[in-house]
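The residues making up each chain are set out below.
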Amino acid sequence: MESRSTALLFTPVLRMLTGLLGAMSFGTGVLAVFVTQNGTGTGVLLAFGGVLVVLALLGNRIESFEFGGTKLKLRAAAAERFAMAEESERSGDDATAGQLRAEAQALLAAAGPVAADYQAVRSSMRPGPERTRAMEEIMSRARRLPAERQLDAAEVLRWLRAGDDKDRVTALGIMQASRELRNFEAALAAVEDPRSAFEQYHAMLLTALMIDDLDATQQRRLAEVVEAQRGSSSRFRDDIDRWRLSEDILARLQRRPGSR
């Protein structure tokens with residue numbers, strides 16, 4: 001998929017924000033040199049501030065850096081920042097957590113295609129709220145793609161039907177944002193046979209967005225599949241987000257004209 005879809009553009013506005021974040025981190029590191037004895041923490045601030053400043057200058061032209069003989073991969077660095085944000089939030093430091101997430105998102109935006117970012121986050125972060133938050137940010141970027149470039153409906157459909165995990169969720173995000181690119185059969189299949197709970201949630205979300213465009217037969221089939229999934233496993237029943245979404249879908253279908 002990466003060879004067919006260009007990377008999310010590192011826009012001038014995003015470069016400016018990244019530069020500001022970098023300058024803030026670098027400046028905090030310089031100040032820490034004089035007010036703290038934590039040399040490691042100071043070094044991290046200086047190095048990361050430098051990374052963001054370089055990102056602001058070079059944008060999408062780079063995917064890794066050399067710092068102190070160590071190659072820093074942008075996506076791995078983003079995953080690390082999300083994990084640090086979770087730790088900061090647990091300790092009650094919401095301001096630091098917010099800044100760390102902003103830095104992580106800037107790194108993801110510079111690192112390349114949406115689908116590759118999804119794969120990197122899933123493989124490098126432990127399951128949990130922070131990983132879900134990071135993946136939702138990537139889905140938000142996928143939803144912006146139809147407004148940023150021309151997408152071929154047949155190709156997006158192929159990503160969902162025949163792509164790997166990262167292609168499939170990217171296609172779901174695109175279809176959520178663009179009515180013209182949606183396909184009911186493919187969305188229903190993703191609800192019925194998902195690769196992950198995250199994929200199933202977004203496939204269900206897509207079908208929920210399509211309800212007003214479905215005919216009576218499609219509405220009945222959607223209800224049957226959702227009801228079957230609700231009874232398929234305890235993991236579905238224990239997933240509050242999927243369970244609530246399934247209830248919303250069934251309630252809306254029940255209110256539709258011609259419902260059973």
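Residues numbered from 1 in each chain as written. Predicted model: local features only at pLDDT ≥ 70, side-chain atom pairs only at ≥ 80, totals over all residues. Heavy atoms only, no water.

### Side note on the overall build of the protein
In step 1: For the protein, the count of helices and strands is 13 helices and two strands.
In step 2: Out of the 260 residues belonging to the protein, those deemed buried represent 45%.
In step 3: Taking all contacts inside the protein whose residues are at least 6 apart in sequence as the whole, residues at least 24 apart take part in 64%.
In step 4: Accessible surface computed for the protein: about 13100 Å², of which carbon and sulfur atoms make up 53%. (Helix = DSSP H or I, 4+ residues; strand = E, 2+ residues; numbered from the N terminus. Buried < 20%, exposed > 50% of the residue type's maximum accessible area, 1.4 Å probe, protein only. Contact = heavy atoms within 4.5 Å. Areas by Shrake-Rupley, 256 points an atom, 1.4 Å probe, with all protein chains shown as cover.)

### Focus: the packing of aromatic side chains
In step 1: Inspection of the entire model under this criterion finds two aromatic pairs.
In step 2: An angle of 70° between the planes, with centres 6.3 Å apart, marks the rings of Phe-236 and Trp-243 as edge-to-face.
In step 3: Classification of Phe-236 as buried rests on a relative accessible area of 1%.
In step 4: One cation-aromatic arrangement involves Arg-230 over Trp-243; the distance from NZ or CZ to the ring centre is 3.8 Å. (Phe/Tyr/Trp six-rings, centres within 6.5 Å; stacked < 30°, edge-to-face > 60°. Lys NZ or Arg CZ within 6 Å of the ring centre and 35° of its normal.)

### Some points on the pattern of salt bridges
Here the idea is simple: oppositely charged side chains can pair when their charged atoms come close.
In step 1: Going through the model one piece at a time under the given rule, you end up with 14 salt bridges.
In step 2: Put simply, Glu-89, Arg-101, Glu-130 and Arg-133 are held in one network by salt bridges that share partners. (Salt bridge = Lys/Arg side-chain N within 4 Å of Asp/Glu carboxyl O.)

### Describing the nonpolar core
In step 1: Grouped together as the largest cluster of nonpolar side chains are 47 residues, with contacts concentrated most on Val-156, Leu-160, Ile-174, Leu-222 and Ile-249.
In step 2: With residues up to four places along the chain from it excluded, the contact list for Ile-174 reads Ala-142, Leu-145, Pro-146, Leu-151, Val-156, Trp-159 and Leu-181. (Core = buried A, V, L, I, M, F, W, Y, C linked by side-chain atoms within 4.5 Å.)

### What to know about the environment of Ala-187
In step 1: By the element assignment, Ala-187 lies in helix H9 (residues 184-192).
In step 2: Assessed through its relative accessible area of 0%, Ala-187 is described here as buried.
In step 3: Separated by 19 residues in sequence, Ala-187 and Leu-206 have C-alpha atoms that sit 6.9 Å apart.

### Digging into the packing of helix H11 (residues 216-230) against helix H13 (residues 240-255)
In step 1: H13 packs onto H11 with a crossing angle of 150° between their chain directions and a minimal axis gap of 10 Å. Here H13 runs roughly antiparallel to H11, going by the angle between their axes. In the crossing of H11 with H13, the sense of the turn from one axis to the other is left-handed. Where H11 approaches H13, its residues Gln-219, Leu-222, Ala-223, Val-226, Glu-227 and Arg-230 are matched on the opposing element by Trp-243, Ser-246, Glu-247, Ile-249, Leu-250 and Leu-253.
In step 2: Each residue belonging to the contact of H11 with H13 can be placed in one class, and the counts come to seven nonpolar, two polar and three charged. (Axes fitted to C-alpha atoms, helices over the stretch in contact; angles between N-to-C directions. Parallel < 35°, antiparallel > 145°, perpendicular 65-115°, else oblique. Left-handed = near helix turned anticlockwise from the far one by under 90°. Nonpolar A, V, L, I, M, F, W, Y, C, P; charged D, E, K, R; others polar.)

### Considering helix H6 (residues 129-148)
In step 1: When the terminal C-alpha atoms of H6 are compared, their 29 Å separation across 20 residues agrees well with the 28 Å that a helix rising 1.5 Å per residue should span.
In step 2: Those residues of H6 that fall on the buried side of the exposure criterion are Glu-130, Arg-131, Ala-134, Met-135, Ile-138, Met-139, Arg-141, Ala-142 and Leu-145. (Expected span 1.5 Å × (residues − 1).)

### What about the packing of H6 against helix H8 (residues 165-177)?
In step 1: H8 packs onto H6 with a crossing angle of 55° between their chain directions and a minimal axis gap of 7 Å. One finds that H6 runs oblique with respect to H8. As for the relative orientation of H6 and H8, their crossing is right-handed in sense. Judged by residue contacts, Met-139, Ala-142, Arg-143, Leu-145 and Pro-146 of H6 engage Val-169, Thr-170, Leu-172, Gly-173, Ile-174, Gln-176 and Ala-177 from H8.
In step 2: Grouping the amino acids of the contact of H6 with H8 by side-chain chemistry returns eight nonpolar, three polar and one charged.

### A short note on the confidence of the model for the protein
In step 1: Summarising the model, the protein shows a mean pLDDT of 76, and 65% of its residues fall at 70 or more.
In step 2: Across residues 29-46 the pLDDT falls below 50, and counting only partners more than four positions away or on other chains, this stretch makes 13 contacts in the model.
In step 3: The model gives residues 57-72 a pLDDT under 50, and that stretch makes 37 contacts with residues more than four places away or in other chains. (pLDDT = per-residue confidence, 0-100.)

### A word on H9
In step 1: Looking only at H9, the buried set comprises Phe-184, Ala-186, Ala-187, Leu-188, Ala-190 and Val-191.
In step 2: Of the surrounding secondary structure, the elements contacted by the buried residues of H9 are helix H7 (153-162), H8, helix H10 (197-210) and H11.
In step 3: Where H9 begins, one side-chain oxygen reaches toward the backbone nitrogen of Glu-185, 3.2 Å away; that side chain belongs to Asn-183. (Polar contact = N/O pair within 3.5 Å; in protein donor to acceptor, adjacent residues only side chain to side chain.)

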